[in-house]
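Summary of the model geometry
Spelled out, the chains give:
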Amino acid sequence: MKYFISFFTAFMLIQSSFGLTTEGSKSHNCRYGFSFEISQQRNWAYQQALVSSIIPLSPASFSKLQINDIIETINGIAAHKLTAEEIRALLFDNTKESLRMEVTNLGYKSKEILLQQDCKKSNSINESELAEAYSFYSLENTSTRSFVCPFKTSFHEDVNLLAYSSFGFSPVDESNTKLENYINLQIKSELEKKGMTYIERNPDLLINTYYSYKKNPNYVGNSNADRFPTEYRFNIHSNKMEKLPIYFNPLINSKEAEFILNLGVRLVDKKKSSANRLFVVWECEANELLQSNLSLENYSLVHIPLMFMQYPFAKTKETAQFKYTKKRYNFTGISYNIDNLREINDVDKMSPAYKSRLQAGDIVQKINGLKMNDNLKDASNAYKQFIFQTIMLRDYNVKFTNTEGFTNCMYWDKLKYSKIADAFQRQEYKTEFSYLYFFEPYINPSGTNILSFQIKRDKSVMEVSLSPAIRIEESLETY
């Protein structure tokens, strides 16, 4: 059964998704760190370029650029009349080291963004890329997971959502004040994050919610219900994927669900509404089948933020697809030569490695006592063997499928940490890059996150100890 990805394949995937990248020169790849698409949604940036994704810790992520920003100008050139190819040519202009744009969104108009290229040698692999390539060393810290929510999203095509900057709420149902106030609080938080303003009197948009929670009248029960797969969804409050008692599988009959839940949100233009008809600008509705009890309060806590990722721009209407990427790893600032993994290609300025006086051209002989390998193919084969030979040390109760489709993704079994640590010390597995997760007890039982590098420089060999920074990269996006 296929449950791993080779180092080489992972590296190629990483290289092909380096973000908005310019060639710069044959020896370097440069990036701004965002992607764009041409909107076909009539009420938001119709036939204009908008920002569709932003790579963590890239120049774009450090700027004030936001997902769904409408790109108005690129280096002073109006973008709304340009084709996708013309826009790409401006963004990939390798004669310029910086990019100046004006962008518009719900909370601002023609905001200026200045980005400087982030460049690296084309034959380099950095620790962020290595953490992804070696993710099976620590799936607890590094993985990419996808999930789908049954959100039906609709919108009025004859309005421009930029025309709405404020919002308020319809009167709450006095028989359910606590629940409705709780849901409204979640909605208020999400819209304010987008730059909209809450006002009680005469808002541009009136928020109307509806919901139901009931026992399934057709429920027949099933003695094997506990074996049916339930869903993982991302909770922005706990900042992790959580398993919920939700069925979302076409192979599961609706009669197997004990409860049925409905939650919907409407954004209404009150000025254009009449006594007989609401002028609904945008609406998102969820209908869920539940294995067991899940209160509307708890459901809304997780799903209101996900629902409002569909506003103002929804990539899909019938369902919403999400991708959550997380990396947590030791950062020293070293980039390695992909053609000779023992060679340091570059060292980020002011990084832990830089402060320890490591430099480009140094040869790494050992890391934490483990001999350094210089061959990409050997590294890939050893990685496969490590995954295969240690599968029995995984926790089968924590199993998930990652975005690449590998079904046997599992955390390490907490009762077997000592055996796992022993496996990481076996030289044939070439686990020198396990230093990326050296803060974990199943790799380093001592608990001291100090790294030891044996370095050869010219004819001299020296031992260098350094304290890495634990770096976290996270993103949640629709696709």
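Note that this is a predicted model, so its numbers are computed, not measured.

Quick notes on the sheet that holds strand E11 (residues 143-149)
Strand order across the open sheet formed by 3 strands is E11-E21-E30, with antiparallel pairing between neighbours. Since the sheet does not close on itself, it has two edges, and those belong to E11 and strand E30 (469-478), each with one partner. Each strand of the sheet is rotated relative to its neighbour by a mean of 15°, with strand direction disregarded. The sheet contact formed by strand E21 (residues 320-331) and E30 spans 10 bridges and is antiparallel. Within E30, the position partnered with Arg 328 by the bridge is Ile 472.

Here's the deal with the layout of surface pockets
One number sums up the size of the second largest pocket: a volume of about 970 Å³. If you go around the second largest pocket, you meet 33 residues; those closest to its centre are Gln 66, Ile 67, Lys 194, Met 309 and Leu 476. Listed by contribution, the elements that provide at least two residues to the lining of the second largest pocket are strand E4 (49-54), helix H5 (177-193), helix H6 (296-307) and E30. Examining the composition of the lining of the second largest pocket, we find that 5 residues originate from one element, E30, more than from any other. For the lining of the second largest pocket, the residue count by class is 17 nonpolar, 10 polar and 6 charged.

Thoughts on the confidence of the model for the protein
Per-residue pLDDT for the protein has a mean of 92; in total, 95% of the residues score no lower than 70. Low pLDDT, under 50, characterises residues 1-8; the predicted model gives this stretch 29 contacts beyond four residues in sequence or across chains. Of the regions scoring below 50 in pLDDT, residues 11-19 engages in 20 contacts with residues more than four places distant in sequence or in other chains.

What about the state of the cysteines?
Tallied over the entire structure, the rule returns 1 disulfide. The disulfide that involves Cys 30 links it to Cys 119, with 1.9 Å between the sulfurs. On the sign convention where negative is left-handed, the bridge of Cys 30 and Cys 119, at about 110° about the S-S bond, is right-handed. Taken as a pair, Cys 30 in strand E2 (residues 28-31) and Cys 119 in strand E9 (residues 118-121) lie far apart in primary sequence, 89 residues in all. Judged by relative accessible area, Cys 30 falls into the buried class, the value being 3%. Cys 284 carries a free sulfur, and the closest cysteine sulfur to it, the one in Cys 149, is 9.1 Å from it. Overall, the relative accessible area of 0% leaves Cys 284 in the buried class. Here Cys 409 stays free of any disulfide, with the sulfur of Cys 149 as its closest cysteine sulfur at 20 Å.

With respect to the nonpolar core
Phe 151, Ile 187, Val 265, Trp 282, Phe 308 and Tyr 311 are the most contacted members of the largest nonpolar core, which totals 49 residues. The biggest single contributor to this core is H6, with 6 residues. Ranked by size, the runner-up nonpolar core spans 47 residues in total, among them Val 364, Ala 379, Phe 386 and Phe 406.

A word on the pairing of strand E23 (residues 340-347)
Sheet topology note: the strand E22 (residues 334-337)/E23 ladder contains 4 bridges and is antiparallel. By the bridge assignment, Tyr 336 is partnered in E23 with Ile 344. Between E22 and E23, which pair antiparallel and follow one another directly, the connecting turn spans 2 residues.

Observations concerning the pattern of salt bridges
This structure, assessed with the given rule, holds 16 salt bridges. In this structure, the salt-bridge partner of Lys 188 is Glu 192, at a minimum N-O distance of 3.0 Å. Of this pair, Lys 188 and Glu 192 both sit in helix H5, 4 residues apart, which is roughly one turn of that helix. For Lys 188, a relative accessible area of 24% gives the class partly exposed. When its relative accessible area of 36% is taken as the criterion, Glu 192 is described as partly exposed. Here Glu 190 ties to Lys 193 by a salt bridge, and the two come within 3.2 Å at their closest N and O atoms. One end of the pair is Glu 190 and the other is Lys 193, both in helix H5 and 3 residues apart, which spans about a single turn. Since its relative accessible area comes to 10%, Glu 190 is described here as buried. Here the residues in one salt-bridge network are Glu 132, Lys 327 and Glu 473, joined through shared partners.

Cut-offs applied
Sequence order as written defines residue numbering, which begins from 1 separately in each chain. In keeping with the predicted nature of the model, local features appear solely for residues at pLDDT of at least 70, side-chain atom pairs appear and are counted solely at 80 or more, and the whole-chain, interface and lining totals rest on all residues. Note that the side-chain values use all heavy atoms of the structure and ignore hydrogens as well as water. Each pair of strands is called paired provided DSSP finds at least two bridges between the two strands. The numbering of helices and of strands both runs from the N terminus, where a helix is a DSSP run of H or I of at least 4 residues and a strand a run of E of at least 2. Each axis is a line fitted through C-alpha atoms, and for a helix only the stretch in contact is used; angles between axes span 0 to 180 degrees, taken between their N-to-C directions. We place a 1 Å grid over just the protein atoms. Points where a 1.4 Å probe fits but has no way out form a cavity, open points with protein on both sides within 12 Å along at least 5 of 7 lines form a pocket, and any residue with an atom within 4 Å of a point lines it. Grid points are joined across faces, edges and corners, and a volume is the space filled by probe spheres set on the points. Here the term charged refers only to Asp, Glu, Lys and Arg, the term nonpolar to Ala, Val, Leu, Ile, Met, Phe, Trp, Tyr, Cys and Pro, and the term polar to all other amino acids, Gly among them. The quantity known as pLDDT measures the predictor's confidence residue by residue, on a range of 0 to 100. Contacts: residue pairs with any heavy atoms within 4.5 Å of one another. Any cysteine sulfur atom paired with another within 2.5 Å is treated as part of a disulfide. Three labels apply to residues, based on accessible area from a 1.4 Å probe with only protein chains included: buried if under 20% of the type maximum, exposed if over 50%, partly exposed otherwise in between. Here the nonpolar core consists of buried residues drawn from Ala, Val, Leu, Ile, Met, Phe, Trp, Tyr and Cys, with membership extended through side-chain atoms lying within 4.5 Å. Whenever Lys or Arg places a side-chain nitrogen within 4 Å of a carboxyl oxygen from Asp or Glu, that contact is recorded as a salt bridge.

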